[in-house]
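Descriptive structure summary
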Amino acid sequence: MITKDKFIKQYTDTDSLDTSKMADVLKILQNVKMNKDAAIKQYNEQFDGVSTPILEVPQADIKAAYDQVDASLLKDLMQAYENILTYQRKIKYRTAHNKDEMYQVYHPLNAVGIYVPGGKASYPSSVLMTATLAQVAGVKEIIVVTPPQIGGINPIVLACCYITGVTRIFQVGGAQAIAALTYGTESIPKVDKIVGPGNQYVALAKKLVFGEVGIDSIAGPSEIAIAVDEYQNPTHIAYDCMAQAEHDELARTFVVSTSESILLKIEDEIARLINEQPRKEIIKESIKNHHYSILTNSIEENFEVLNLISSEHVSIQTADAQKYIEGVNRAGALFIGPYAPEAMGDYVLGPSHVLPTNGNARFINGLTVNDFLTSNSVMDISKATFKKNMDAAINIAQAESLFAHAASIQIRKDDLT
C-alpha cells in the first residue's frame with residue numbers, strides 16, 4: 001500500500017513501447033512494401049510456423065464456421081452484436097440538413113483494416129467491437145487480418161466476421177500485417193485506416209506508418225483503475241483486478257480508496273484467489289510488478305489520482321459513484337457501480353472495448369463509429385453574408401501580404417456596386 005502523495009511523486013507514465021525493436025519493425029515494413037505477398041508468406045513461416053500458400057480465408061470457410069458455432073454461444077454473440085449496433089447507431093454523427101449556410105457533411109471511409117490479435121489468446125470480441133462500428137458507419141470494405149494458426153483461425157473469430165459483415169479475412173499478423181494494409185500487396189488491399197490492438201511489433205508498426213494511413217491509437221498493455229469505499233465486496237474487486245492482470249504480464253491495476261481496511265481486504269483476497277486462476281502465472285507476474293494499492297484522504301484526492309493515471313478503464317465502486325462522472329475527466333471508459341464490472345464492457349454493453357492506454361486518454365477517446373467517418377465543411381453563403389464579411393476578409397488578407405487573396409474578394413465586391 002502507498003499513500004497518495006508518495007504515489008504521485010513516484011508515478012511516471014512511461015512509454016510502454018520497446019523502441020529497441022524499431023529498426024526490426026522498419027525492416028519488416030520495407031520488406032513487405034517491396035516484396036508484398038512473398039514477404040508475408042515468409043514471415044508467416046518464420047514467426048508463426050505456418051505455411052500459407054493462400055493468404056485469404058475462403059468465404060465458404062467463414063460461413064461454415066458461423067454455421068458450426070454452438071447455438072447457445074451464437075445467441076450470446078448476437079446479443080452482444082445487437083447491443084453494439086444499437087449504441088453505435090445512437091451516437092453516430094449525422095449531417096444536419098437545415099438552412100444553415102455553413103455545416104458539416106459526414107462520409108464513411110472507403111476501406112478499413114482491423115487487426116485481431118491471435119497470440120496468447122483469441123479475441124472474437126475484438127471483431128464485434130471494431131467491425132460492427134465500421135459496418136454502422138457504412139464502410140464499404142472491411143478487411144480483417146489475424147495471425148495464422150497451425151490449426152486454422154479460431155472458428156468463433158470467423159463467425160464474428162460473418163456476423164459483422166467483414167468483407168475479407170487474411171492470415172497475417174504482426175508488423176507485416178500493418179505493412180500489408182498500409183501499402184497493399186497482390187492479395188491484400190491497401191486501406192484508409194487501421195484499428196485494433198496488437199503486440200509491441202504491431203504498436204510500433206502503427207506508429208511508423210501513421211500519416212501514410214490512419215490509425216486508432218498506439219495500444220499498450222491493458223490497465224484498470226478502481227475507486228472503492230469501505231462498503232464494497234473485496235472479493236468482487238479482487239476479481240476485477242485479476243481480470244485485467246490475466247491479459248498480460250505488463251497489465252497494470254490500480255485500486256484507490258480513502259479506506260485502508262478495504263484496501264487490505266482486497267490485497268488479502270487477491271492473495272487467496274490467485275492460485276485458483278487458470279492464467280495464474282500471468283496474473284502473478286502482473287500483480288507483482290504492476291499493481292498499486294493507493295490510500296487517499298478524500299474524494300477530491302481520488303479524482304486527482306484517477307486523472308493522473310488517465311486509465312484505459314476506470315471502475316467506480318463507491319456509494320457516491322455518480323460524483324465521479326464529473327470529477328474524472330481523463331478515462332478511456334467509466335464503469336459506474338457494482339453492476340458495471342469492466343468485464344461486461346469487454347463483451348456486451350455497446351461501447352467499444354478498444355480504448356486508449358498508457359495515459360493516452362488525456363488526448364484521445366475510445367473507438368466509436370465516428371472514427372470510421374470523415375467530414376468536410378460546406379460553405380454555401382448568400383450575397384448578404386458575403387457583404388457582411390468581405391471587408392474583414394480583404395483586410396486580413398492584405399495584412400498577410402496575400403494580395404491575390406484580397407483581390408479575389410475585392411473583384412466580387414466591385415461587381416456589387
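Described in the following lines is the structure provided in the data block. (Residues numbered from 1 in each chain as written. Predicted model: local features only at pLDDT ≥ 70, side-chain atom pairs only at ≥ 80, totals over all residues. Heavy atoms only, no water.)

Remarks on helix H8 (residues 174-183)
What counts, and what does not: Buried, partly exposed and exposed residues are distinguished by accessible area as a fraction of the type maximum, computed with a 1.4 Å probe on protein chains only: under 20%, between the cut-offs, and over 50%, respectively. A run of H or I in DSSP becomes a helix once it reaches four residues, and a run of E becomes a strand once it reaches two; helices and strands are each numbered from the N terminus. Contacts are assigned to residue pairs that have any heavy atoms within 4.5 Å of one another.
The buried fraction of H8 is high, at 10 of 10 residues. Listing the buried residues of H8 in full gives Gly 174, Ala 175, Gln 176, Ala 177, Ile 178, Ala 179, Ala 180, Leu 181, Thr 182 and Tyr 183. Check the buried side of H8 and you find it contacts helix H2 (22-35), helix H3 (37-48), strand S3 (111-115), strand S4 (141-146), strand S6 (193-195) and helix H9 (200-209). A positive phi of about 80 degrees marks Gly 184, the residue just after H8.

Examining the sheet that holds S6
Applicable threshold: If DSSP finds at least two bridges between two strands, the strands pair.
In spatial order, the strands read S5-S4-S3-S6-S7; together these 5 strands make up an open sheet with parallel pairing. Strands with a single pairing partner mark the edges of an open sheet, and in this sheet they are strand S5 (168-171) and strand S7 (214-215).

Description of the environment of Leu 109
On the secondary structure map, Leu 109 appears in the loop between strand S2 (102-108) and S3. It is 22 Å that separates the C-alpha atoms of Leu 109 and Ser 125, two residues lying 16 residues apart in sequence. Once residues lying within four places of it in the same chain are set aside, the contact partners of Leu 109 are Val 139, Lys 140, Asp 192, Lys 193, Asp 371, Phe 372, Leu 373 and Thr 374.

Some details on the nonpolar core
Put simply, the test is: Side-chain atoms within 4.5 Å link the members of a nonpolar core, which is a set of buried Ala, Val, Leu, Ile, Met, Phe, Trp, Tyr and Cys residues.
Among the nonpolar cores identified, the biggest contains 40 residues, and Val 139, Ile 142, Ile 169 and Phe 372 are the most heavily contacted of them. The element that contributes the greatest number of residues to this core is helix H6 (residues 124-137), accounting for 8 residues. Not counting residues up to four positions away in its chain, the partners in contact with Phe 372 are His 107, Pro 108, Leu 109, Val 112, Thr 130, Leu 133, Ala 134, Ala 137, Val 139, Val 195 and Leu 367. Residues Ile 143, Val 172, Val 202 and Ala 203 belong to the second largest nonpolar core, which totals 31 residues.

Thoughts on the packing of helix H5 (residues 71-91) against H6
Applicable threshold: Here, axes are lines fitted to C-alpha atoms. For helices the fit covers the stretch in contact, and angles between N-to-C directions go from 0 to 180 degrees. Orientation is classified from the angle alone, with under 35 degrees giving roughly parallel, over 145 giving roughly antiparallel, 65 to 115 giving roughly perpendicular, and any other angle giving oblique. Should the near helix be turned counterclockwise from the far one by less than a right angle, the crossing is left-handed, whereas a clockwise turn marks it as right-handed.
Relative to each other, H5 and H6 sit at 45 degrees, their axes nearing to 10 Å. The pairing of H5 with H6 is recorded here as oblique in orientation. Remark: the crossing between H5 and H6 carries right-handed chirality. In this structure, H5 uses Leu 77, Ala 80, Tyr 81, Ile 84, Leu 85, Gln 88 and Arg 89 to contact H6, whose residues at the interface are Leu 128, Met 129, Thr 132, Leu 133, Gln 135 and Val 136.

Details of the layout of surface pockets
Here is the rule: A cavity here means a set of 1 Å grid points, computed over protein atoms only, where a 1.4 Å probe fits but cannot escape. A pocket is an open set with protein on both sides within 12 Å along at least 5 of 7 lines, and lining residues have an atom within 4 Å of a point. Grid points are joined across faces, edges and corners, and a volume is the space filled by probe spheres set on the points. Three residue categories are used. Nonpolar comprises Ala, Val, Leu, Ile, Met, Phe, Trp, Tyr, Cys and Pro, charged comprises Asp, Glu, Lys and Arg, and polar comprises the others, including Gly.
Here the second largest pocket defines a volume of roughly 360 Å³. Residue assignment for the lining of the second largest pocket shows that the elements contributing at least two residues are H5, strand S12 (333-336) and helix H15 (342-347). Among the elements that line the lining of the second largest pocket, the one with the most residues is S12, at 4 residues. Across the lining of the second largest pocket, the residue classes break down as 10 nonpolar, 9 polar and 2 charged.

Considerations on a nonpolar patch on the surface
So the rule is basically this: For patch building, the residue pool is restricted to those with more than 30% relative accessible area and no salt bridge; the joining distance is 9 Å between like charges and 5 Å between nonpolar side chains (Val, Leu, Ile, Met, Phe, Trp, Tyr). Each accessible area is a Shrake-Rupley result for a 1.4 Å probe, and residues are judged covered by the shown protein chains and nothing else. A pair is scored as a salt bridge if a Lys or Arg side-chain nitrogen falls within 4 Å of a carboxyl oxygen belonging to Asp or Glu.
On the surface, Met 102, Met 379 and Ile 381 cluster together to form a nonpolar patch covering roughly 320 Å² of accessible area. Along the polypeptide, Met 379 turns up in strand S13 (residues 373-379).

Topic: H6
Quick note on the threshold: Any helix carries an expected span of 1.5 Å times its number of residues minus one.
Spanning 14 residues, H6 covers 20 Å between terminal C-alpha atoms, matching the ideal 20 Å at 1.5 Å per step. Most of H6 is tucked away: 13 of the 14 residues are buried. Positive phi shows up at Gly 138, right after H6, with a value of about 95 degrees.

Concerning the packing of aromatic side chains
For the record, the criterion: Two aromatic rings from Phe, Tyr or Trp, using only the six-membered ring of Trp, form a pair when their centres are within 6.5 Å; if the ring planes differ by under 30 degrees the pair is stacked, by over 60 it is edge-to-face, and anything between is tilted.
A full pass over the atoms with the stated rule returns 9 aromatic pairs. On the numbers, 5.0 Å between centres and 25 degrees between planes, the contact of Phe 7 with Tyr 11 is stacked. Like Phe 7, the residue Tyr 11 is buried in the burial classification. Ring centres of Tyr 43 and Phe 47 lie 5.4 Å apart, and the angle between their planes is 5 degrees; this geometry places the pair in the stacked category. Of this pair, Tyr 43 and Phe 47 both sit in helix H3, 4 residues apart, roughly one helical turn. Assessed through its relative accessible area of 7%, Tyr 43 is described here as buried. A relative accessible area of 45% means that Phe 47 is categorised as partly exposed. Among the aromatic residues, those joined into a ring-pair cluster are Phe 7, Tyr 11, Phe 254 and Tyr 292.

Points about the sheet that holds S12
Hydrogen bonds along the backbone pair up the strands of a sheet, which may run parallel or antiparallel. Taken together, the 6 strands give an open sheet; going across it, the order is S1-S10-S9-S8-S11-S12, and neighbouring strands pair in parallel fashion. In this open sheet, the two edge strands, each paired with only one partner strand, are strand S1 (2-3) and S12. Inspection of the sheet shows S1 paired to strand S10 (residues 291-295) by 2 bridges, in the parallel sense. Residue pairing for S10: Ile 2 is matched across the bridge by Ile 294. Sitting on the sheet, helix H10 (residues 234-245) touches strand S8 (223-228), strand S9 (252-257), S10 and strand S11 (313-317), and the angle it makes with S8 is about 170 degrees. Lying on the sheet, helix H12 (residues 280-290) is in contact with S9 and S10; it crosses S10 at an angle near 45 degrees.

A word on the pattern of salt bridges
Applying the stated criterion to the full structure yields 10 salt bridges. One salt bridge in this structure joins Glu 56 and Arg 168, with 2.8 Å as the shortest N-O distance. Taken together, the residues Glu 56 in the loop between H3 and helix H4 (59-68) and Arg 168 in strand S5 connect sequence positions 112 residues apart. On the basis of relative accessibility, which here comes to 23%, the residue Glu 56 falls in the partly exposed class.

Let's talk about the side chain of Asp 346
Rules: We score Asp and Glu as negative and Lys and Arg as positive, and we do not count His or the chain ends.
Structurally, the position occupied by Asp 346 is in helix H15. Lacking a salt bridge, the buried Asp 346 has Arg 279 as its closest oppositely charged neighbour, with an N-O distance of 11 Å. Dropping the residues within four chain positions of it, Asp 346 is found in contact with Ser 125, Met 129, His 247, His 313 and His 353.

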